[in-house]
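Results of the structural survey
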Amino acid sequence: MHPSPPPRRSSKRPPASLASLTSLTSLASLREEVVACRACPRLVAWREAAEASRPAGFPPAPYWARPLPGLGDPSARLVLVGLAPAQHGGNRTGRMFTGDRSGDFLFAALHRAGYANQPESVSSDDGLTLSGAYVTAAVRCAPPANRPTPSERDSCAHFLVEELALLSQARAFIALGQFAYESLLRSRALGVAAPMPRPKFAHGLEIDLPGGRTLVCSYHPSQRNVFTGLLTAAMFDAVLSRAASLAAN
Ligand code: SF4
C-alpha cells in the first residue's frame, strides 16, 4: 500500500515580488521564441508528421506539432527537467508531459507532494496548475525513438540555459533520467561547469551546486521504466520528498 500523502501545501501565495513578475514576463518572451523555433530539420519534420500516425482512440483535435516551453510557477524553488516531449504526448497536446503515461505518473506524484492542484494532465486546458514547481525539458521537440542527436541536443541547450536563469528562486533541480542529467551538466544551465570527473548517473544521486542549490537525479518516469518496475511511485516520491526539503532551505 502506498503511504499516506504528505499534507498539501497551502494554496495561498505570497504577493508577487518584482523579481517574479520580471521572470514571468521574460518567461513569456522565451515561450514565444521556443514555439517559433525550426532550427532542427529532422525534428521539425518528425513533430509535424506525428498527427498522421495518431494512435487509435486519441481525441481528434489537431496536434500542437511545435516545440514546447516549460510550465509551472515562475517563482518555483523546485525545477524538474525531462528529456523531450513525446510524439503523441506533449507534441499532441501542446504541454510538457501532458497526454501520455509519463505525465500521468509525474503529475500524480507532484499532486501527492502538494505541488500540483490535480493529479491529471490530459490537455492544455484541463486546469492543471503548479505551485512552487516548474517542469521543463532538455530538448523541446519530440524526437524519433525519444533520442535527440548530440547536435539537436546542443542546438536546443540555449533554451534550457535561458529558462533556468529566469527561474532565479530555484534551489533544487531534479534531472529526470540520464539524458537530462548530462544535458544539464554539458550546457552549464545550472551556472557551473560540469564536475570533473562527472559522477555517474544514478537514481538518488545528489550534486551540490554553488549558492546552496542541489541537483538530484531520478530515473525518467517513462512508460517502460514504470512498467518494468525500474521506477516505482514510492521511489519517485522519495526523490521528490528529498528535493522538496532541499528546495525549502
Ligand atoms: S529541438 Fe530545440 S532547437 Fe531544435 S527545432 Fe526544436 S526547439 Fe528548436
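In this text the structure is predicted, and so the values were computed from the model without any measurement.

Parameters and conventions
Just so you know, the residues in each chain are numbered from 1, in the order the chain's sequence is written. Local features in a predicted model are, by the rule used here, given only for residues with pLDDT of at least 70; side-chain atom pairs are given and counted only at 80 or more, and totals for whole chains, interfaces and linings are based on all residues. The numbering of helices and of strands both runs from the N terminus, where a helix is a DSSP run of H or I of at least 4 residues and a strand a run of E of at least 2. Remark: C-beta atoms are placed from the backbone, and a residue is labelled buried if 20 or more other C-beta atoms sit within 10 Å of its own, exposed if 12 or fewer do, or partly exposed between those counts. By the convention adopted here, residues are in contact when the distance between their C-beta atoms, placed from the backbone, does not exceed 7 Å. Strand pairing is assigned whenever DSSP detects at least two bridges linking the two strands. We count a residue as near a molecule or strand when its backbone-placed C-beta atom lies within 6 Å of that partner. Residues were grouped as follows: Ala, Val, Leu, Ile, Met, Phe, Trp, Tyr, Cys and Pro as nonpolar; Asp, Glu, Lys and Arg as charged; and all remaining residues, including Gly, as polar. We define the nonpolar core as any set of buried residues of the types Ala, Val, Leu, Ile, Met, Phe, Trp, Tyr and Cys, connected via C-beta atoms lying within 7 Å of each other. The predictor attaches a confidence to each residue, called pLDDT, with possible values from 0 through 100. Any helix carries an expected span of 1.5 Å times its number of residues minus one.

With respect to the overall build of the protein
Of regular secondary structure, the protein possesses 8 helices and 6 strands. Ordered by position from the N terminus, the helices and strands of the protein form the series α-α-β-β-α-α-β-α-β-α-β-β-α-α. In the protein, which comprises 249 residues, the proportion classed as buried is 45%. Intrachain contacts of the protein at a sequence separation of at least 6 include 68% that bridge at least 24 residues.

Let's talk about the pairing of strand S4 (residues 172-176)
Across the 5 residues of S4, 5 count as buried, placing the element largely inside the fold. Residues Ala172, Ile174 and Leu176 line one face of S4 and the alternating positions Phe173 and Ala175 line the opposite face, and both faces are buried. With 4 bridges joining them, strand S2 (residues 78-82) and S4 adopt parallel strand pairing. By the bridge assignment for S4, Val81 is matched with Ala175. In terms of strand pairing, S4 meets strand S6 (residues 213-218) through 5 bridges, oriented parallel.

Here we look at helix H6 (residues 178-187)
An α-helix turns once every 3.6 residues. As a result, residues three or four positions apart point the same way. Listing the buried residues of H6 in full gives Phe179, Ala180, Tyr181, Ser183, Leu184 and Leu185. At its buried positions, H6 is contacted by S2, helix H5 (150-166), S4 and S6.

Comments concerning the site of the ligand
Near the ligand you find 14 residues, and of these Cys37, Cys40, Pro67, Cys141 and Cys156 are the closest. When the residues that make up the shell around the ligand are grouped by side-chain class, the tally is 10 nonpolar, 1 polar and 3 charged.

Structural notes on the pairing of strand S5 (residues 206-209)
When S5 meets S6, the two strands line up antiparallel, connected through 4 bridges. When the bridges of S6 are listed, Ile207 appears paired with Leu215. In sequence, S5 turns back onto S6 through a hairpin of 3 residues, with Gly211 there showing a positive phi of about 80 degrees.

Section: the nonpolar core
Counting 65 residues, the largest nonpolar core has Val79, Val81, Ala138, Ala175 and Ala243 as its most contacted members. Looking at this core, the elements with two or more residues in it are S2, helix H4 (101-112), strand S3 (133-137), H5, S4, H6, S6 and helix H8 (233-248). Here the element with the most residues in this core is H8; it accounts for 7 residues. Apart from the residues within four sequence positions on either side, Val81 is in contact with Thr136, Ala137, Ala138, Phe173, Ala175, Leu176, Ala180 and Leu184.

Topic: the confidence of the model for the protein
Chain-level pLDDT for the protein is 91 on average; 90% of the residues reach the 70-or-more range. Predicted confidence for residues 1-14 stays below pLDDT 50, and this span has 11 contacts to residues more than four positions away or in other chains.

So, H4
In this model, H4 (12 residues) spans 17 Å end to end at C-alpha, consistent with the 16 Å of a helix rising 1.5 Å per residue. Those residues of H4 that sit buried are Ser102, Gly103, Asp104, Phe105, Leu106, Phe107, Ala109, Leu110 and Arg112. On the buried face of H4, the contacting elements are S3, helix H7 (223-227) and H8. Backbone geometry just downstream of H4 places Gly114 in the positive-phi region, at approximately 90 degrees.

Section: the sheet that holds S3
Spatial strand order, S1-S3-S2-S4-S6-S5: 6 strands in an open sheet with mixed pairing. Unpaired on one side and paired on the other, strand S1 (71-72) and S5 mark the two borders of the sheet.

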